[in-house]
Amino acid sequence: MLIASQLEPFFNTALAERLGAEVLPVPRGAPAALPAEARVLIVAPMFGVWDLPHLPEPPDAPEGWPFGLEWIQLVSSGTDHYPRWFLDSLPVSTARGVAAGPIAEFVIGTIFEAVKALHTVWIDDPQAWRTRPFAPIEGTTLGLLGYGAIGQAAAAAALGLGMRVHALRRSAPAADEGIVFVRSVEELLATSDHLVLAAPATPQTRHILNADSLRAAKPGIHIINVARGSLIDDEALLEALADGRVARATLDTTTPEPLPAGHPFYSHPRVRVSPHTAAIGSGARLALVEKVAANLERHRQGLGLLDPP
């Protein structure tokens, strides 16, 4: 079987070795053409920039689409950066969950950085030998807006640190040991010391953190966005930072991406912006290789693909 892949060369090699299949590297973007013998396409986001106010016109389906393809594996968990014709023409599997571990580690790292500020502790002069107290992480509350794979991985890590975990999910709360499910975003904001945004971008979640909901925030809350920038009303967040309701915002995703030069988030003393990088790394890519292998076996057996859109 020939697999067309937009993964990086190292992971194409890992994919070929894992599957015992030929892997054809193809450029990113909508495929203009593929060999007739290619049966699977592993594809990266086509628009390149998330949550632009006005997305570019999506490309039209190329002549001959879908060529000889039988199914598509997305590199991303979200589908908001692919044209509809691409998603509706063949069976599709998302990368949902493959980056949950790395993103949870990023979340915990940002909490340690915010609470412990270890970069300020190290000394190189005996005159600076003065002890300083550390605020605790144990006993504080992690809020999760979204309780999918990322939320669950972050919850497990937080519980291991002795944190309390509160979560808000779209579906009816299921019993999960150690997790308190709340009924509204306002309740989540009011009870969280650190709030992780891990929900998908939908019309319902757009600006879910806004001037009204942020009025309920526990004073001193730390907001961590690893989902989509559209979940936050930027002006409302800046106002909440100014009046002290929000002590810190760690934003791995923004609207648009990248933010334009001079945006106030870049220079704000209590905002940290990272370039949508929490999910990037070898761990997530190797997990994706395993997901492709599992889906290939399911496809051969005539079973449904894992994690459809």
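Our subject is the structure that appears above.
Residues numbered from 1 in each chain as written. Predicted model: local features only at pLDDT ≥ 70, side-chain atom pairs only at ≥ 80, totals over all residues. Heavy atoms only, no water.

Colleague: What's the story with the sheet that holds strand E3 (residues 38-43) in this structure? I'm lost.
Modeller: Whether parallel or antiparallel, the strands of a sheet pair through hydrogen bonds between backbone atoms. Pairing is parallel across the open sheet formed by five strands, whose spatial order is E2-E1-E3-E4-E5. Only two strands of the sheet have a single neighbouring strand rather than two, namely strand E2 (22-25) and strand E5 (92-93). Sheet topology places E3 next to strand E4 (residues 71-74); four bridges connect them, and they run parallel. When the bridges of E4 are listed, Val40 appears paired with Trp71. Its contacts with the sheet place helix H1 (residues 9-19) against strand E1 (2-5), E2 and E3, and it is angled at close to 160 degrees to E2. Running at roughly 160 degrees to E4, helix H9 (residues 282-300) makes contact with E3, E4 and E5 of the sheet. (Pairing = 2+ DSSP bridges. Helix = DSSP H or I, 4+ residues; strand = E, 2+ residues; numbered from the N terminus. Contact = heavy atoms within 4.5 Å. Axes fitted to C-alpha atoms, helices over the stretch in contact; angles between N-to-C directions.)

Colleague: Would you mind showing me how to read the packing of aromatic side chains here?
Modeller: A complete count under the given rule lists seven aromatic pairs for this structure. The interplanar angle of 80 degrees and the centroid separation of 5.8 Å between the aromatic rings of Trp85 and Phe86 together place this pair among those described as edge-to-face. A network of ring pairs unites the aromatic residues Trp65, Phe67, Tyr82, Trp85 and Phe86 as a single cluster. (Phe/Tyr/Trp six-rings, centres within 6.5 Å; stacked < 30°, edge-to-face > 60°.)

Colleague: Even after reading the chapter, I still don't get the packing of helix H3 (residues 100-116) against helix H4 (residues 149-160), so can you show me in this structure?
Modeller: The packing of two helices is summarised by the inter-axis angle and the distance between the axes. One way to put it is that H3 packs onto H4 with a least axis distance of 8 Å and a crossing angle of 50 degrees. It follows that H3 is oblique to H4 by the angle criterion. Seen from above, H3 lies across H4 with right-handed handedness. The residues of H4 that touch H3, namely those facing Ala100, Gly101, Ile103, Ala104 and Ile108, are Ala149, Ile150, Ala153, Ala154, Ala157 and Ala158. Of the residues contributing to the contact of H3 with H4, the split by class is 10 nonpolar, one polar and no charged. (Parallel < 35°, antiparallel > 145°, perpendicular 65-115°, else oblique. Left-handed = near helix turned anticlockwise from the far one by under 90°. Nonpolar A, V, L, I, M, F, W, Y, C, P; charged D, E, K, R; others polar.)

Colleague: Quick question: what am I supposed to make of the sheet that holds strand E10 (residues 221-225) here?
Modeller: Overall, parallel pairing links the seven strands, which are arranged E8-E7-E6-E9-E10-E11-E12 in an open sheet. In the strand order of this sheet, the two ends are held by strand E8 (179-181) and strand E12 (271-273), each with one partner. The mean inter-strand angle of the sheet, taken between neighbouring strand axes irrespective of direction, is 20 degrees. Bridge count between strand E9 (residues 194-197) and E10: four bridges; the pairing is parallel. Paired with Val196 across the two strands is Ile224, which belongs to E10. In this fold H4 packs onto strand E6 (141-145), strand E7 (164-168) and E8, with an angle of close to 175 degrees to the strand it touches most, E6.

Colleague: For this particular structure, what's the right way to read the environment of Leu87?
Modeller: You can see Leu87 is positioned in helix H2 (residues 84-88). Between the alpha carbons of Leu87 and Ile72 there is a distance of 8.5 Å; along the sequence they are 15 residues apart. Every residue in contact with Leu87, bar those within four places of it in the chain, is listed here: Leu74, Thr79, Tyr82 and Val92.

Colleague: I tried to follow the environment of Arg130 on my own but got confused; where do I start?
Modeller: Relative to the helices and strands, Arg130 resides in the loop between H3 and E6. Counting along the chain gives 103 residues from Arg130 to Pro27, while the straight-line C-alpha distance between them is 55 Å. From its side chain, Arg130 meets the backbone oxygen of Gln127 in a polar contact 2.8 Å long. (Polar contact = N/O pair within 3.5 Å; in protein donor to acceptor, adjacent residues only side chain to side chain.)

Colleague: Just checking my understanding: could you explain the side chain of Thr110 for this structure?
Modeller: Note that Thr110 resides in helix H3. Judged by relative accessible area, which is 9%, Thr110 ranks as buried. Not counting residues within four places of it along the chain, the set of residues in contact with Thr110 comprises His222, Ile224 and Thr250. (Buried < 20%, exposed > 50% of the residue type's maximum accessible area, 1.4 Å probe, protein only.)

Colleague: Looking at this structure, how should I read the nonpolar core?
Modeller: Grouped burial of nonpolar side chains is what soluble globular proteins tend to show. Core analysis: the biggest nonpolar cluster contains 29 residues, and Leu145, Leu189, Leu197, Leu209, Ile223, Leu237 and Val246 have the highest contact counts within it. Breaking this core down by element, the ones donating at least two residues are helix H5 (185-191), E9, E10, helix H7 (234-242) and strand E11 (246-251). Every residue in contact with Leu145, bar those within four places of it in the chain, is listed here: Leu168, Leu188, Leu195, Val196, Leu197, Ala198, Ala199, Ile208 and Leu231. If you look at the next biggest cluster of nonpolar residues, it comprises 25 residues, including Ile103, Val115, Met163 and Val196. (Core = buried A, V, L, I, M, F, W, Y, C linked by side-chain atoms within 4.5 Å.)

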